[in-house]
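# Fold and contact review
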Amino acid sequence: MDMRGVEYVKAKMPKLGLGTWQVRNESIPAAVDAALASGYRFIDTAQIYGNEAAIGKALKEALPKYNLQRADIFITSKLAPANQGPGAEKAIEQSLKNLQTDYLDLLIIHWPGSSNPSESPKNKELRKQSWETMEKFYDEGKLKAIGVSNYTERHLQELLGHAKVHPAVNQCEYHVHYQTNSLVDYCKKNQIHFQAYSSLGSPEGRKKLAADPQVIAMAEKYKISVHVLLLAWAINQDMSVLPRSTQKAHIEENLKAASVKLDPADVKSLLSDTADQKYCWDPNVVA
């Protein structure tokens, strides 16, 4: 229970997970196997990714190989925009079936808008309906925690106005070139864990982040790769991260970020209120 007496979370989430956005089904078995072998215990997927079933099958085959049980793994999925509102219940049941599990550790609303236009006034009601459905699954124990993704302060204020189950997570784009620090502070103040995605810049910004002189200099100072530095920078701000890779070497390397301790002064040196180079979709346009 949190301080306001609202149900919060029944699961403990690792600070670094395997992201699976744009990971094709045929690449899932090797990626999941490499992740579990390296020590990952957190897999992030989404209905819209189209790979839930492949992940469910891969986990069923790989868990016994590493003497692991379902309870040893934290699984997150996301309610797709098209499934918001009346379609939420059926979509959640399908995710459970796809992932071959009786429960999800975390389910989040993927986007504050539905498949309607971003400015549609229906978005607000569909968000509310979706959350109420997720609360039902939470009460039944089929969801250990529920949260959101790409929610602005405005969307969070709306949610907190009616939520019976407190949102556990807000998963948003966040990296050295795009810092929503006021949103991060708002989440901390309201006991919502801030989870960063596209920590490495996503396909569009990856090269730009990797070539940032300040980032390169700091990586050299700590004798780590730029990728590990970028992930560690977020983790050292008490965020969790979801690096995506299908390459065993990269999967292993990314996990090192979880144990890198940065000097607080170095973390602060990369913080900026003017870092607004967004590389992913923008939720500010969603009504």
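Everything numeric here is computed off the predicted structure, so don't read it as measured data.

## A look at the overall build of the protein chain
Along the protein chain, the regular secondary structure elements total 11 helices and eight strands. For 287 residues, the compact-globule estimate of 2.2 N^0.38 gives 19 Å, and the protein chain sits close to it at 18 Å. With the principal axes as the frame, the protein chain shows a C-alpha extent of 50 × 45 × 35 Å. Going through the 287 residues of the protein chain one by one, you find that 55% of them count as buried. For the protein chain, the proportion of contacts with a sequence separation of at least 24, taken over those separated by at least 6, is 78%.

## Points about the UniProt feature "site: Lowers pKa of active site Tyr" (unreviewed entry) in the protein chain
In this structure's numbering, the residues bearing the UniProt feature "site: Lowers pKa of active site Tyr" (unreviewed entry) are Lys78. Owing to a relative accessible area of 0%, Lys78 belongs among the buried residues under this scheme.

## Remarks on helix α9 (residues 226-235)
Within α9, nine of the 10 residues are buried, which leaves the element mostly enclosed by the surrounding structure. Of the residues making up α9, those classed as buried are Val226, Val228, Leu229, Leu230, Leu231, Ala232, Trp233, Ala234 and Ile235.

## Considerations on the environment of Asn284
As for its placement among the helices and strands, Asn284 is situated in the segment after α11 (264-269). A relative accessible area of 49% places Asn284 in the partly exposed class. Apart from the residues within four sequence positions on either side, Asn284 is in contact with Thr152 and Arg154.

## A word on the environment of Asn150
Here Asn150 lies in the loop between β5 (146-149) and α5 (153-160). Residues Asn150 and Arg206, spaced 56 residues apart in sequence, show a C-alpha to C-alpha distance of 20 Å. With sequence-adjacent residues up to four places away left out, Asn150 is seen in contact with His110, Trp111, Pro112, His155, Asn170, Gln171, Cys172, Tyr197, Trp281 and Pro283. Separated by 2.5 Å, the side chains of Asn150 and Tyr197 make a polar contact.

## Some thoughts on the packing of aromatic side chains
Using the criterion set out here, one finds four aromatic pairs in the structure. Centre to centre, the rings of Tyr174 and Trp233 are 5.6 Å apart; their planes meet at 15°, and the pair counts as stacked. Remark: Trp233 occurs in helix α9 and Tyr174 occurs in the loop between β6 (169-173) and α6 (181-189); sequence separation between them is 59 residues. Taken as a pair, Tyr174 and Trp233 share a single burial class, namely buried. Among the aromatic residues, those joined into a cluster by ring pairs are Tyr174, Phe194 and Trp233. Positioned over the ring face of Tyr103 is Arg70, at 4.1 Å from the centre of the ring.

Calculation notes
- Residues numbered from 1 in each chain as written.
- Predicted model: local features only at pLDDT ≥ 70, side-chain atom pairs only at ≥ 80, totals over all residues.
- Heavy atoms only, no water.
- Helix = DSSP H or I, 4+ residues; strand = E, 2+ residues; numbered from the N terminus.
- Rg over C-alpha atoms; globule rule 2.2 N^0.38 Å.
- Buried < 20%, exposed > 50% of the residue type's maximum accessible area, 1.4 Å probe, protein only.
- Contact = heavy atoms within 4.5 Å.
- UniProt positions renumbered as here; feature names shortened; annotations may be inferred.
- Polar contact = N/O pair within 3.5 Å; in protein donor to acceptor, adjacent residues only side chain to side chain.
- Phe/Tyr/Trp six-rings, centres within 6.5 Å; stacked < 30°, edge-to-face > 60°.
- Lys NZ or Arg CZ within 6 Å of the ring centre and 35° of its normal.

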